[in-house]
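# Notes for the structure review
What follows is each chain in one-letter form.
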Amino acid sequence: MSTLRERHDTAGWQALDRQHFLHPFTDHKSLHEHGTRVITRADGVYLWDSEGVRLLDAMAGLWCVNVGYGRHELADVAAAQMRELPYYNNFFKTANPPAIALSALLAEVTPPQFSRVFYAGSGSEANDTIVRLVRRYRDVRGEPKRKTIISRWQGYHGSTVAGASLGGMSAMHEQGDLPIPGIVHIDPPYWYGLGGELSQEEFGLKAARLLEEKILELGPETVTAFIGEPIQGAGGVIIPPMNYWPEIERICRKYGVLLVADEVICGFGRTGNWFGCETFGFKPDLMAMAKGMSSGYLPIGGVMVSDEVANTLIADGGEFYHGYTYSGHPACSAVAERNIRIIRDEGLVERVRTDTGPYLQARWRELGEHPLVGEARGVGFIGALELVKDKATRTRFDPLGETGTICRDFCFKNGLVMRAVWDTMIMSPPLIMTRAEIDEFIALARRCLDLTAEAVGVK
Ligand code: PXG
């Protein structure tokens, strides 16, 4: 049997793609002027395209391939499960062994307040579930007016109607007549962009207190939950000052507001702990997960629900009218379970915390000396570079986004995948990346920064 890869050459794939495939988050007119780059295989931290060109993937796919590519063990687990029981639902008093085993393992690796999980097929679905859960919880408690959810500008929580409403991407809101009612936003803890003359600590408290102001403005009796990513990923790797999350937690507790961590990017080791909330020192009531949960090998997401919230729903809630055909899918669950065991058995979280994470961050900070880079920041295996016209005054390029795109294109041309969020360059590599691969990555990134600086006339 020929593999798909052997059936067409690059031009053939591009032609079919152009005719039939609507891509996610894509301007198709501009895409097809050049044709898509067809990625055909991957191993470790590397991808290969249909022309045989190798790329170092410093984005782990889309922030998700935590254990790296080429894990045949995961393919074997999926194949075995699909032979035995490819699908059955978990709705009508039934369950399947992989979903049960995964639930028990999640209870072990997540913080102690969690022992139960609700499954989804993606991060967006996990966040939709959260919207349903935090509203249902209030009805069950006899607080029917407490329905508003507070989130943040530049947050990303998915692309479904509820996910995009929770998110703070104004361009997404404009295209979808969003947000839906009952979701409001506050400014993010983006020190480089919004901190002005304040120290990190001063700004951390100021940014957190925006939550208190918003709760008081709306009336605490109307607010059910606050949701945030420990580090805002797609918004540009916005890393809050260390005092931000503890202050957010204090405010949530003071007003009886549920605290929700969207761990879709930060979860499963990315920040050097199993979950971002551990790195930033807070205890969420609910936690959205996806991406690194299966390292992207199969689609799966879920919501960890604290014992307090779960027990309320179980004791007094009756049936919760919510769930997906693929909630607890056997093959996806089996792959997620084995993936989490790999992360645990290979000590990947600890390696990122104590060895390769600090090394990567030290080397990444060296790029902060580059004339084009206003700030190099990061934690564990996630980071950002702010490309600016003038470092001293933090003056950005005009129009914003052009320089980031130029830099991203140089990366692609030179065998490196980094993402650009406007003029902020992002990295989020597989957690298995070695020191030698980190050195190769930093050398490539520096080269692309040099080429970009030359192209935009920064010396
Ligand atoms: N929450 C967070 C924090 C995410 O980063 C989602 C939820 C939604 O997950 P799904 O599985 O429904 O996509 C995400 C997804 C980008 C980019 O360009 C980031 C995501 C998705 C697509 C593009 O950085 N993150």
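Residues numbered from 1 in each chain as written. Predicted model: local features only at pLDDT ≥ 70, side-chain atom pairs only at ≥ 80, totals over all residues. Heavy atoms only, no water.

### Examining the side chain of Thr110
Looking at the secondary structure, you find Thr110 in the loop between helix 6 (97-109) and strand 4 (114-120). In this structure the side chain of Thr110 is engaged in a polar contact, spanning 2.7 Å, whose partner is the backbone oxygen of Leu106. (Helix = DSSP H or I, 4+ residues; strand = E, 2+ residues; numbered from the N terminus. Polar contact = N/O pair within 3.5 Å; in protein donor to acceptor, adjacent residues only side chain to side chain.)

### Concerning the pattern of salt bridges
As enumerated under the stated definition, the model contains 25 salt bridges in all. Notably, a salt bridge pairs Arg138 with Glu143, separated by 2.9 Å at the nearest N-O pair. With its nearest N and O atoms 2.9 Å apart, the salt bridge here joins Arg363 to Asp439. Taken as a pair, Arg363 in helix 17 (residues 356-366) and Asp439 in helix 19 (residues 435-456) lie far apart in primary sequence, 76 residues in all. When its relative accessible area of 29% is taken as the criterion, Asp439 is described as partly exposed. (Salt bridge = Lys/Arg side-chain N within 4 Å of Asp/Glu carboxyl O. Buried < 20%, exposed > 50% of the residue type's maximum accessible area, 1.4 Å probe, protein only.)

### Focus on the environment of Arg351
Turning to its location among the elements, Arg351 is positioned in helix 16 (residues 348-354). Linking Arg351 and Ser115, residues 236 residues apart in sequence, is a C-alpha distance of 26 Å.

### Considerations on the packing of aromatic side chains
A complete count under the given rule lists 11 aromatic pairs for this structure. Plain terms: the ring middles of Phe118 and Phe320 are 6.2 Å apart, the flat faces sit at 70° to each other, and that makes the pair edge-to-face. You can see Phe118 sitting in strand 4 and its partner Phe320 sitting in the loop between helix 14 (307-316) and helix 15 (330-345), a full 202 residues away along the chain. Centroid distance Phe226 to Trp245: 6.1 Å. Interplanar angle 55°. Geometry classified as tilted. With a gap of 19 residues between them, Phe226 in strand 7 (residues 223-228) and Trp245 in helix 12 (residues 244-255) connect regions that are remote in the sequence. Comparing Phe226 with Trp245, the two get one shared label, buried. Among the aromatic residues, those joined into a cluster by ring pairs are Phe226, Tyr244, Trp245 and Phe282. Here Arg435 stacks its cationic end above the ring of Tyr359, 4.5 Å away from the centre of that ring. (Phe/Tyr/Trp six-rings, centres within 6.5 Å; stacked < 30°, edge-to-face > 60°. Lys NZ or Arg CZ within 6 Å of the ring centre and 35° of its normal.)

### Brief notes about a nonpolar patch on the surface
A contiguous nonpolar surface patch, about 330 Å² in accessible area, is contributed by Tyr87, Tyr88 and Tyr326. Its place among the elements puts Tyr87 in the loop between helix 5 (72-84) and helix 6. Here Tyr87 falls in the partly exposed class, since its relative accessible area comes to 31%. (Patch = residues over 30% accessible without salt bridge, like charges linked within 9 Å, V, L, I, M, F, W, Y side chains within 5 Å. Areas by Shrake-Rupley, 256 points an atom, 1.4 Å probe, with all protein chains shown as cover.)

### Describing the domain arrangement of the protein
The assigned domain composition of the protein is domain 1 (37-67 + 349-456) and domain 2 (73-345). Each partner contributes to the interface: domain 1 provides 31 residues, whereas domain 2 provides 31 residues. Here domain 1 and domain 2 share an interface that buries about 2500 Å² over both sides, 60% of which is from carbon and sulfur atoms. By the criterion of area lost to domain 2, the three top residues of domain 1 are Val67, Val349 and Arg394, representing 27% of everything that side buries. The interface formed by domain 1 and domain 2 holds zero salt bridges in total. Applying the counting criterion to the domain 1 and domain 2 interface returns 15 residue pairs in polar contact (both at pLDDT 80 or more). Counting residues per element, the ones that place at least two in the side of domain 1 that touches domain 2 are helix 4 (60-63), helix 16, strand 11 (373-379), strand 12 (382-387), strand 14 (419-421) and strand 15 (424-427). (Domains from an automatic or database assignment. Contact = heavy atoms within 4.5 Å. Buried area = accessible area lost by both parts, 1.4 Å probe.)

### With respect to helix 14
Within helix 14 the residues assigned to the buried category are Val309, Ala310, Thr312 and Leu313. In a view along the axis of helix 14, the buried residues occupy a sector of 160°, so they form one face of it. Within helix 14, the exposed residues directed more than 90 degrees away from the buried face are Ile314 and Ala315. The inward-facing, buried residues of helix 14 abut strand 4, helix 7 (123-140), strand 8 (258-262) and strand 10 (301-306). Positive phi shows up at Gly318, right after helix 14, with a value of about 65°. (Arc of directions from axis to C-beta.)

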